[in-house]
Structures are given as structure tokens and as C-alpha cells.
Amino acid sequence: MVHTHSFGPSPGSDGVSIPDPWKFSDPIVLIDDEVVKISALLLQPIPSEALDLSKQQFPLLNATELDLEDRRNQFSEPLLTRSPNNEVELALKPGDISVIYICELPEIKGKFDPKKAAALGLRPGPKYRELQLGNSVTSDRQNIMVHPSDVLGPSVPGPIILIVDCPTSFHLQKLLSLQSLSIYYGDMSGNPPETSKVVNCIIHLSPASVTNSSAYQEWMARFCGSQHIMAGHEMKNVEVPILKSSARIAARLNYLCPMFFPAPGFWSLRHLNGSVPGSRALIELNFSIFSGYRSVDLVYCSQVPVSKLCESISAENLLKFHLRPYSQLGLDRSGVPSTVSPSEIIDELLLEIPEIVDAAQQVTRFWHGGKPTNENITPMLNNNVMIEEPWLNENTLPSCLEDISREDMEIVLLGTGSSQPSKYRNVSSIFINLFSKGSLLLDCGEGTLGQLKRRFGVEGADDAVRGLRCLWISHIHADHHTGLARILALRRDLLKGIPHEPLIVIGPKQLKRFLDAYQVLEDLDMQFLDCRHTTEASLEAFESNNASSPSGSPTSIDNNINSTLFAKGIPMQSHWKRPESPVNQRLVFSILQNLEKVLKEAGLEALISFPVIHCPQAFGVVLKAADRINACGKVVPGWKIVYSGDSRPCPEIINASHGATVLIHEATFEDGMVDEAIARNHSTTKEAIEVGDSAGVYRIILTHFSQRYPKIPVFDETHMNKTCIAFDLMSINLADLPVLPKVLPYLKTLFRNEMIVDESDDIAVL
């Protein structure tokens with residue numbers, strides 16, 4: 001898939017001036033072979049002042065026709081400058097340039113007529129083949145040349161599709177003036193019939209604020225006989241989960257324990273009676289040759305019905321438009337998923353596991369002051385029982401949970417699997433919801449934004465991204481950071497025109513190279529801070545500098561870490577001491593000051609990174625809330641969360657976890673796979689629990705499970721009094737921590753029939 005904003009200039013604070021942008025009108029050929037020709041037309045935004053100066057002759061848009069507050073219409077008007085010779089120049093910023101893709105398949109040759117070939121003196125043989133290939137041959141019996149047109153029927157033009165991304169009214173002005181598209185306009189263009197091309201399908205990615213305008217509708221009408229598929233920013237299909245298996249599990253978990261597994265935040269169609277801004281659609285062009293078939297797949301698209309000058313259809317999840325074979329040219333709705341209501345899923349669950357009704361009632365009692373039917377033991381699926389240790393009595397709470405409010409903090413586990421997404425578990429991401437004080441993300445694997453939408457709904461996900469205070473990445477492996485750019489870009493768009501600070505991204509130094517490279521395409525509106533500058537030693541140096549230099553003139557910030565991981569003779573020491581480019585101390589000092597301010601506004605006392613054993617530059621993190629005063633005027637200590645990232649058990653995690661309210665620890669492997677865990681620098685479930693026990697933490701949440709455990713991992717439940725297994729979209733409110741371990745046996749009841757699926761040899765655990 002080629003992104004439609006892939007042709008922008010290099011990033012700069014003020015953009016890059018491109019003289020006379022209207023010269024960029026010829027298609028750029030990206031692919032041209034026997035299968036398909038794909039061309040790209042650049043679409044620059046043209047501000048109104050530039051239109052007047054260039055005297056372009058095409059209709060202007062009525063401002064009342066466009067909703068400039070539309071989420072995708074977030075581009076600021078491009079800057080106009082003048083060169084020394086008084087020529088108009090357009091200062092484009094990363095992401096300002098959009099692209100129209102033109103996909104053309106070769107024509108289908110006409111049918112060969114052997115009777116015509118015989119009449120022209122040709123004998124059956126190789127010359128028939130040459131003619132079918134388009135080559136002229138000499139007649140065997142007559143002194144003439146035989147041309148393909150003499151023996152072939154009329155050719156059938158190859159299918160043509162256009163993918164149009166016109167994000168703003170400024171881009172629409174350019175779109176209306178493109179002469180390169182005139183050959184596709186049909187009879188209305190005034191082109192000779194032999195030079196005109198018929199477009200079979202046009203996929204519109206443009207937002208409703210643009211497509212609903214009369215100017216855009218008139219432009220659509222120029223394409224005679226084209227099928228228009230609106231795949232922009234409306235919300236019809238959001239409530240139809242494209243990941244059915246995941247949605248099915250979510251519905252079952254919600255039935256058992258709605259407090260930890262809230263209902264997914266899908267939109268309801270009854271709320272969509274008007275134009276509602278939504279998420280950017282995703283188009284997947286699948287030109288793979290498979291048994292002679294070729295198609296375009298439309299994924300996650302929708303439309304709100306409006307009055308249009310040109311007939312169009314709403315895109316649907318998994319809607320297809322077949323390009324080959326020619327007999328099947330057109331739309332195919334056979335793969336469009338049907339809506340399955342939660343009630344149908346629950347009816348199926350009750351037939352499969354009738355006792356789940358009693359289990360759900362038992363779980364409900366945990367929140368209503370009651371107890372399960374057996375008050376002395378917690379039932380298990382075998383002859384074991386959970387050992388009730390006296391120091392874990394439910395009346396013994398950490399002081400930080402005294403008079404706790406449900407609006408204090410919530411842990412939302414967006415992704416709990418390792419390596420790559422599966423049907424049931426996405427890759428690592430943890431959303432720390434601080435409610436009115438904002439939020440943080442710890443790791444951001446691919447699909448994180450989609451998970452936010454599944455948990456909070458589209459508008460709720462926008463609010464969550466808009467309220468992000470900081471984003472922390474544990475290490476450079478792809479399953480922990482590849483969703484980062486999408487989150488940053490969305491936040492940039494949501495806050496366009498609103499005074500705000502760039503989001504602080506904390507991660508290993510290698511991550512900055514990735515982000516810098518991505519910003520060639522579009523600005524991500526962020527500040528980067530190396531994890532090493534947020535270690536305890538570095539922060540102490542920062543505090544010392546801050547105290548001694550209140551004017552803001554920093555001295556050197558210590559990057560050394562008092563850790564056994566990097567002691568002399570330890571293998572990872574060489575990675576830590578590797579030479580690197582000099583650090584801009586003044587910039588680091590400035591970002592640390594911003595971080596201190598952001599944390600204070602979020603009600604946090606500290607964010608501290610610490611090294612762990614996984615790969616070079618791998619870290620865990622500590623989040624410490626500030627102390628609060630309860631209704632009686634008593635000072636209550638703040639909670640403390642520790643996240644291990646990916647790691648082997650190590651003293652650094654134990655030291656960081658002392659007195660922690662919650663330890664979120666990776667548990668990639670089951671207890672019987674210690675050797676593999678050691679080989680891949682991961683932990684087993686037992687090892688993760690032992691780390692928490694050694695540090696005396698109140699609650700342990702196990703996550704980052706190998707995808708060999710598709711639904712629930714293997715674990716020994718006899719010592720899990722303070723531990724729970726994480727699931728995608730699980731939401732743990734700080735006020736519910738006392739109940740957390742008690743739900744575990746009922747979760748096993750829900751998944752009692754599930755089997756372990758062996759991990760394929762070609763899937764690496766990162």
C-alpha cells in the first residue's frame with residue numbers, strides 16, 4: 001500500500017518553498033508492466049490568494065458549502081511567499097501534498113478469427129500466435145502482409161480505477177484544474193473518442209466536507225459511466241467489527257465481568273442520522289494474481305447518505321471491485337461481514353457453558369459487598385485451590401488506595417500479545433487513563449489507535465489522543481512502537497489551530513532515527529527524549545542543575561546508570577558504552593523542564609526509566625502519582641505503577657518495584673519453557689510473579705503473552721492471589737484492584753474449552 005501523502009518535501013520549521021507549484025501536473029509513473037500501470041498525480045493545496053495571482057479559470061468554492069471544522073480538513077492555509085524576482089512561491093509543509101492514483105490494466109485483445117486468417121492465405125501454425133501477440137506476418141498463399149486488426153475482433157479496454165484523496169478545499173481547487181485528468185472525462189471533455197478513456201471505478205477518500213460540495217459533485221459527474229465508491233470519513237461501518245474473533249471474545253468477557261471488560265465503544269447507527277466526522281478510511285489495493293483473479297479490496301470504509309448530483313455507493317467493510325476476469329468486472333459484496341449482535345454471541349455462550357450464568361453472578365457480588373457461595377476457598381478447575389495468605393486479606397489495603405476515587409486512574413490494556421497481532425491479542429500498548437488530568441501511553445504497537453477506538457469509540461479515542469500528556473516506548477522492537485506515528489499524526493490534526501505543546505515521546509535513542517525519517521513525510525508535532533535522560537541518575541543531575549542554575553543554563557546531564565546490567569565485564573556493557581554523537585544538553589534540559597511541567601499537570605510526581613535485560617537500550621518505567629489530601633485533611637501517598645517492558649527477571653525491576661501498587665510484567669512463556677525464555681530474554685509466568693513477590697507489590701498484571709496462547713496462557717493458579725492475566729481492552733480501575741485476583745478462576749471457566757496452538761517456527765518472539 002502506498003500512502004497518499006508520500007510525495008511531500010523534507011520537513012522544516014517553515015516548510016520548503018517550491019516555485020510555481022502548478023507545473024507539477026504530469027502523472028508520475030510508479031509501475032508499468034504487463035500486469036498494471038500505476039501513475040500518481042500530485043495534488044498541492046492552492047490558497048485563495050494564489051488563485052487570484054495565477055488567474056486560474058475554474059469555479060471557486062462557496063465557503064458555506066464546506067465544513068472547515070471537519071477532522072480531515074485540518075490543514076492550515078499554505079504560506080505564500082515571493083522570490084527575489086517577485087514570482088509567487090508556495091511554502092509547503094510535510095503532508096500538505098496529496099496524491100491521486102490512476103491504476104490501468106492492459107486491454108484484452110479481441111478474439112482470433114481463424115476463418116479470416118484462412119481467407120487471407122495463412123496456414124494454421126506459429127503465425128497465428130504472432131498475430132495474437134500483436135505482430136504482423138506475411139501471408140503463406142498471397143503476397144500481402146496480414147495485420148492483427150485483420151484477424152482479431154475488437155479489443156476490450158482494460159479496467160481503470162482512480163483513487164482520489166482531496167483532503168481540503170485548497171486541494172479541491174487544484175483538482176478542478178488538472179488537465180491530466182481530461183482524457184478520463186468522457187464525452188463532456190470534448191476529447192476525440194479515440195483518445196478518451198473510460199474509468200470503471202473511482203474510490204473517493206476525500207472527507208464529506210469536500211465531497212458534498214457542489215464543485216466536487218460536478219467534477220464527479222464528468223466521469224461518464226464510472227462507479228463512484230465513497231470511502232471517506234463517515235461512520236456507517238464502525239459498529240461492524242472487522243475482527244470478528246476479537247469482538248466475540250470481548251462480548252463474552254463483558255458478560256462475565258463488565259467492570260473489567262466494558263462493552264466495546266462502537267458507534268450505534270441510530271446516532272448516525274447526520275454527517276459525523278470519522279476516521280480516515282484505509283484502502284488496500286490487492287493486485288496479486290491468484291487463479292486469474294485480480295481485485296481491489298475496500299477495507300474499513302463508510303458513508304453517510306446525502307443528496308448528490310452524481311450517483312455513488314457507500315463503501316463497506318471487505319467490499320470488492322473485481323478487475324479480472326472481465327466477465328466479473330464490478331462490485332462484489334459476498335465478503336461483506338454481517339452484523340452479529342452481542343445477544344447472539346451471549347446466547348451461543350450460554351449453550352456452550354451453562355454454568356457461566358452462575359459465574360457471572362458470583363463475579364457481580366465482588367462489587368456489591370457480597371461473597372461467592374464458598375467463602376473459604378476460591379474454586380478452581382482442578383483439585384487445587386488458591387492459597388489464602390493472611391497478608392492478602394481484602395481489608396488490608398495499601399495506604400494509597402484509601403478513599404480512592406474512580407476518577408483517579410485506570411489501566412487500559414490495549415495490546416497483550418507479543419511479536420505480531422493475532423486474532424485475539426494485539427501487540428503491546430498500555431493506556432494510563434488519568435481522566436480529567438489527561439493520559440499516557442506505555443508502548444504503542446501497531447493497531448493501537450484501532451484498539452482505542454474499539455475501547456472508547458471514535459469520538460472517545462479522539463479525546464484520548466487529544467489528552468495525551470506523554471508517550472513512553474520501552475525498546476526498539478516493532479511490536480512496541482509501530483503504532484506511534486499514527487497516534488502522533490492524529491493528535492497533530494486534532495489540535496490544529498489550538499495552542500498546545502508538542503507531545504513528549506520518551507524512548508531509546510534508535511527510535512529517534514525512525515521518527516526523524518518518518519517526518520520527511522509528515523510533521524509529527526513531538527519532542528523526543530532519550531530514555532537514558534529519564535533514569536534516576538539523569539533526573540537527579542537535572543534536579544541539581546535546575547536548583548543551581550534557575551536561569552536555565554544547563555551543565556552536563558549524567559547518562560551513567562548505577563546498574564549491574566552495565567557493569568564492567570557484563571555483555572550489555574559494550575552496548576551502553578558505544579560511542580555516539582554529542583548530546584545537545586540545552587535541548588535535553590529544555591525538554592526535561594517541559595516533562596516536569598507535564599507530569600505535574602497530570603498529577604504525577606515522577607516518570608523514571610530503568611534498564612532491563614532484553615535487547616540493547618531496553619527499559620522499564622516507574623510512574624509515581626503525587627500525594628493527595630483526602631476529605632479529612634490526611635495526606636495520602638500516591639500510587640505507583642511499574643511496567644517491565646520486555647525483560648528477563650532482574651534486580652533492576654525488583655528495585656524499581658519496591659512498594660509498587662501495580663506491577664505490569666511481561667510473561668511471554670509458560671513455566672515449562674524457561675530455557676526458551678532465557679534464550680530470548682523474556683520471562684515465564686512464574687518468574688514474573690516471583691519478581692512481584694520479591695518486591696512486595698500489591699497487584700501483578702501479566703501481559704505480553706506468546707501468540708502460541710491465542711486466548712488464555714498456561715499458568716499455575718495455586719499462587720496467584722495478587723495476580724491477574726491481562727486481556728485486550730481490559731480496563732482496571734485503581735478502585736477495583738482489591739477484586740482483581742478474585743476474577744481469575746472465573747476467567748478460566750470462560751476459556752475452559754480452549755486449546756493451545758503451537759507457535760509456527762517462522763514467527764519470532766520479540
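One can find the structure itself at the top, above this paragraph.
The notes below deal with the structure included here. This is a predicted model, so every value here is computed, not measured. (Residues numbered from 1 in each chain as written. Predicted model: local features only at pLDDT ≥ 70, side-chain atom pairs only at ≥ 80, totals over all residues. Heavy atoms only, no water.)

1. A few points about the sheet that holds strand β3 (residues 37-43)
Point 1. Taken in spatial order, the seven strands line up as β2-β3-β6-β9-β10-β11-β14 in an open sheet, and their pairing is mixed. Edge strands, defined here as strands with exactly one partner in the open sheet, are β2 (28-32) and β14 (313-314).
Point 2. As paired strands, β2 and β3 are joined by four bridges and run antiparallel to one another. Pairing of D32 across the sheet is with K37, part of β3.
Point 3. Taken strand by strand, helix α5 (residues 169-177) contacts β3, β6 (98-104) and β9 (160-164), and its axis lies near 125° from that of β3.
Point 4. On the sheet, helix α7 (residues 214-221) packs against β9, β10 (201-204) and β11 (227-230) and is oriented at approximately 160° with respect to β10. (Pairing = 2+ DSSP bridges. Helix = DSSP H or I, 4+ residues; strand = E, 2+ residues; numbered from the N terminus. Contact = heavy atoms within 4.5 Å. Axes fitted to C-alpha atoms, helices over the stretch in contact; angles between N-to-C directions.)

2. Let's talk about the sheet that holds strand β28 (residues 662-666)
Point 1. Spatially, β23-β24-β27-β28-β29-β30 is the arrangement adopted by the six strands of the open sheet, whose pairing is mixed. Single-partner strands in this sheet number two, and they are β23 (604-611) and β30 (723-725). With direction set aside, neighbouring strand axes in the sheet form an average angle of 15°.
Point 2. Both strand β24 (residues 619-625) and strand β27 (residues 640-643) contribute to a ladder of four bridges, which runs antiparallel. Bridge pairing in β27 places K624 opposite K640.

3. Observations regarding the environment of L490
Point 1. With respect to the element layout, L490 can be found in helix α12 (residues 484-494).
Point 2. Residue classification places L490 among the buried positions, given a relative accessible area of 4%. (Buried < 20%, exposed > 50% of the residue type's maximum accessible area, 1.4 Å probe, protein only.)

4. A short note on the packing of helix α11 (residues 448-466) against α12
Point 1. Axis separation between α11 and α12 bottoms out at 11 Å; the angle between their running directions is 25°. In terms of orientation, α11 and α12 fall into the roughly parallel class. In this structure, α11 meets α12 at a crossing whose hand is right-handed. Across the interface between the two elements, T448, L449, L452, D462, V465 and R466 from α11 touch R486, I487, L490, R491 and L494 from α12.
Point 2. Among the residues making up the contact of α11 with α12, the classes are represented as six nonpolar, one polar and four charged. (Parallel < 35°, antiparallel > 145°, perpendicular 65-115°, else oblique. Left-handed = near helix turned anticlockwise from the far one by under 90°. Nonpolar A, V, L, I, M, F, W, Y, C, P; charged D, E, K, R; others polar.)

This is a description of form; function is not addressed.
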